[in-house]
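These are the residues of each chain, in order.
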Amino acid sequence: MRGSDRVGDMGSVRWAFRCASWTPSKSDWLFAARCIQREEKHRIGQFVFAKDAKSAMAGRLLLRKFLCEKMGVPWSDIRLERSPRGKPYLAAPLQISPDSGRVPWEWSFNLSHQGDYAVLAAQQGMQVGVDVMKTTMPGSSSVPEFFRIMTRQFTEYEWSAIQSADSEYQQLATFYRHWALKESFIKAIGTGLGFNLQRVEFHLSPEPLTQDHPLHQTKMYLDEEEEEEWIFEESLLDADHHVAVALGPVGKAGSGPLPASLPPATFTLLSFSDLIGLATPLTEEDPAYWDNFKIKAEAPERQRDTHTAT
């Protein structure tokens with residue numbers, strides 16, 4: 001896309017794939033494995049549970065579809081690597097890193113998978129981070145005990161908002177909403193486990209979250225000061241899954257606040273056929289890869305719905 005002075009002209013992509021309802025056939029799984037890099041295929045094959053393997057495979061296909069369809073890179077030319085901070089980037093042919101921010105109108109992209117979904121968010125001219133969280137009851141403790149363990153992850157203001165919800169389930173939903181917001185910001189700036197989550201405080205939009213109309217009224221305070229340069233999109237993929245997208249300035253200097261009028265983008269649910277519509281096989285078929293996949297249990301008996309690396 002040619003540069004423009006209007007932020008509304010920027011490209012945006014919001015895609016979701018429901019991994020939980022994907023039961024790949026032998027031909028589908030083997031074709032998907034042929035369409036990703038050899039080292040990615042090997043890493044996915046190492047997962048113990050089918051749920052994690054499917055999520056990781058969907059993440060790779062989402063990213064390659066985006067690079068091919070939106071950035072115009074032929075599928076067979078895409079070479080993905082990871083930055084020192086762990087974010088995937090296009091190493092060839094364009095060397096576009098999600099951490100670089102060299103040209104204002106480059107795409108930034110990010111992936112997340114947790115619960116039943118894999119999601120991709122991408123934006124031109126802004127840094128982007130995305131996180132999806134499923135609201136689930138704690139597996140081995142009560143809700144109050146779970147909150148006690150997680151006390152240090154949120155500010156007093158945030159805990160007040162979480163614990164003021166009417167029911168334990170609504171308290172958990174508000175907890176995971178806050179968690180998704182914090183993770184989206186951390187993923188956008190590329191900071192890992194060393195970041196103190198209490199430095200970031202979110203003041204939620206008073207409007208209820210829905211699937212059809214993403215919100216972007218939530219405010220972020222960093223070290224007790226409102227960050228006007230950041231926008232947060234929030235929506236529901238379904239009744240149990242929150243998704244948050246963080247959008248921030250690419251460069252440190254001269255970027256200025258992002259316009260509040262930037263329309264939030266809605267997530268589009270893709271099918272497996274959508275994921276592979278532009279795919280080109282990169283390797284020969286490996287029948288043993290299906291044999292390895294089909295013997296995996298779907299998930300642990302007590303699924304905790306924890307994050308897995310994408």
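In this text the structure is predicted, and so the values were computed from the model without any measurement. (Residues numbered from 1 in each chain as written. Predicted model: local features only at pLDDT ≥ 70, side-chain atom pairs only at ≥ 80, totals over all residues. Heavy atoms only, no water.)

### A word on the packing of helix H1 (residues 26-34) against helix H3 (residues 50-69)
Note the threshold: Angles run from 0 to 180 degrees between N-to-C directions of axes, and those axes are lines fitted to C-alpha atoms, restricted for helices to the stretch in contact. Helix numbering and strand numbering both begin at the N terminus, where a helix is a DSSP run of H or I of at least 4 residues and a strand a DSSP run of E of at least 2. Comment on the angle field: the value is read as roughly parallel under 35 degrees, roughly antiparallel over 145, roughly perpendicular from 65 to 115, and oblique elsewhere. By the definition used in this description, the sense in which the near helix is turned from the far one sets the handedness, with an anticlockwise turn below a right angle giving left-handed and a clockwise turn giving right-handed. Contacts between residues were defined by any pair of non-hydrogen atoms, one from each residue, lying within 4.5 Å. Each residue gets one of three labels, nonpolar for Ala, Val, Leu, Ile, Met, Phe, Trp, Tyr, Cys and Pro, charged for Asp, Glu, Lys and Arg, and polar for the others, Gly among them.
Across the interface, H1 lies against H3 with an axial gap of 10 Å and an inter-helix angle of 50°. The angle between H1 and H3 places the two elements in the oblique class. Our pair here, H1 against H3, has a crossing hand that is left-handed. Here H1 contributes Trp 29, Ala 32 and Ala 33 to the contact with H3, which in turn contributes Ala 53, Lys 54, Met 57 and Leu 61. Residue composition of the contact of H1 with H3, by class: six nonpolar, no polar and one charged.

### Notes on the environment of Gly 59
Tracing the chain through its elements places Gly 59 in helix H3. For Gly 59 and Ser 112, which are 53 residues apart along the polypeptide, the C-alpha to C-alpha distance reads 7.6 Å.

### What about the side chain of Thr 283?
Basically, it comes down to this: Each residue is placed in one exposure class: buried if its accessible area under a 1.4 Å probe, protein chains only, is under 20% of its type's maximum, exposed if it is over 50%, and partly exposed if it falls in between.
Tracing the backbone shows Thr 283 in the loop between helix H7 (272-276) and helix H8 (287-294). On the accessibility criterion, Thr 283 (9% relative accessible area) is buried. Non-local contacts of Thr 283, meaning those with residues more than four positions away in its chain, are made with Ala 33, Arg 34 and Arg 38.

### Some details on the nonpolar core
To keep things clear, this is the line we draw: Side-chain atoms within 4.5 Å are what join buried Ala, Val, Leu, Ile, Met, Phe, Trp, Tyr and Cys residues into a set we call a nonpolar core.
The biggest cluster of nonpolar side chains holds 44 residues, and the ones touching the most others in it are Trp 29, Met 57, Leu 61, Phe 66, Leu 67 and Leu 120. Those elements that provide at least two residues to this core are strand E1 (12-18), H1, H3, strand E4 (107-114), strand E5 (117-124), H7 and H8. For this core, the element with the highest residue contribution is H3, accounting for eleven residues. The contacts of Trp 29, once residues within four sequence positions are left out, are Trp 22, Pro 24, Ile 44, Ala 53, Lys 54, Met 57, Tyr 289, Trp 290 and Phe 293. Phe 154, Leu 172, Tyr 176 and Ala 244 belong to the second-largest nonpolar core, a separate cluster that totals 27 residues.

### Side note on the pairing of strand E10 (residues 231-238)
Here is the rule we go by: In this description, strands pair whenever DSSP reports at least two bridges between them.
Counting buried positions along E10 yields eight of eight residues, so the element is predominantly enclosed. Of the pairings in the sheet, the one linking E10 to strand E11 (residues 241-248) comprises seven bridges and is antiparallel in character. Opposite Phe 232, over in E11, you have Ala 246 as the bridge partner. What sits between E10 and E11 in their antiparallel hairpin is a turn of two residues.

### A closer look at the packing of aromatic side chains
So the rule is basically this: A pair of aromatic rings is counted whenever rings of Phe, Tyr or Trp (Trp by its six-membered ring) have centres within 6.5 Å, and the orientation is called stacked for planes under 30 degrees apart, edge-to-face for over 60 and tilted otherwise. We call a charge positioned over a ring when the NZ of a Lys or the CZ of an Arg lies within 6 Å of the ring centre and within 35 degrees of the ring normal.
Counted under the stated rule, the structure contains 21 aromatic pairs. Summarising the aromatic geometry, the rings of Trp 29 and Phe 293 are spaced 4.1 Å apart at their centres and angled 25° between planes, so their arrangement reads as stacked. Taken together, the residues span a long stretch of sequence, with Trp 29 in helix H1 and Phe 293 in helix H8 at a distance of 264 residues. Across this residue pair, the class does not change: Trp 29 and Phe 293 are buried. Members of the aromatic cluster, connected to one another through ring pairs, are Phe 17, Trp 22, Trp 29, Phe 272, Tyr 289, Trp 290 and Phe 293. Sitting over the ring of Tyr 289, Lys 41 keeps its end group 5.1 Å from the ring centre. In this arrangement the basic side chain of Lys 65 is found over the ring face of Trp 15, its NZ or CZ atom lying 4.9 Å from the centre.

### Here's the deal with the sheet that holds strand E8 (residues 219-222)
Taking strand neighbours across the sheet as the criterion, the three strands line up as E7-E8-E9 in an open arrangement whose pairing is antiparallel. Because the sheet does not close on itself, it has two edges, and the strands there are strand E7 (200-203) and strand E9 (225-226). Pairing geometry for E7 and E8, over four bridges, is antiparallel. Its bridge partner lying in E8, Phe 202 is registered against Met 220. Its contacts with the sheet place helix H6 (residues 168-189) against E7 and E8, and it is angled at close to 130° to E7.

### A look at unusual backbone geometry
Although it is not a glycine, Asp 223 sits at a positive phi angle of roughly 50°. If you trace the backbone, Asp 223 turns up in the loop between E8 and E9. Backbone geometry at Glu 224 places phi at a positive 75°, although glycine is not the residue there. Secondary-structure assignment places Glu 224 in the loop between E8 and E9.

### Remarks on the pairing of E5
In terms of burial, E5 is largely enclosed, as eight of its eight residues are buried. Burial of the side chains of E5 extends over both faces: Tyr 117, Val 119, Ala 121 and Gln 123 are buried on one face and Ala 118, Leu 120, Ala 122 and Gln 124 on the other. Relative to E5, E1 runs antiparallel, the two sharing seven bridges. Looking at the pairing, Ala 16 lines up with Val 119 of E5. Taken together, E4 and the strand that follows it, E5, pair antiparallel across an intervening segment of two residues, in which Gly 115 is found at a positive phi of about 65°.

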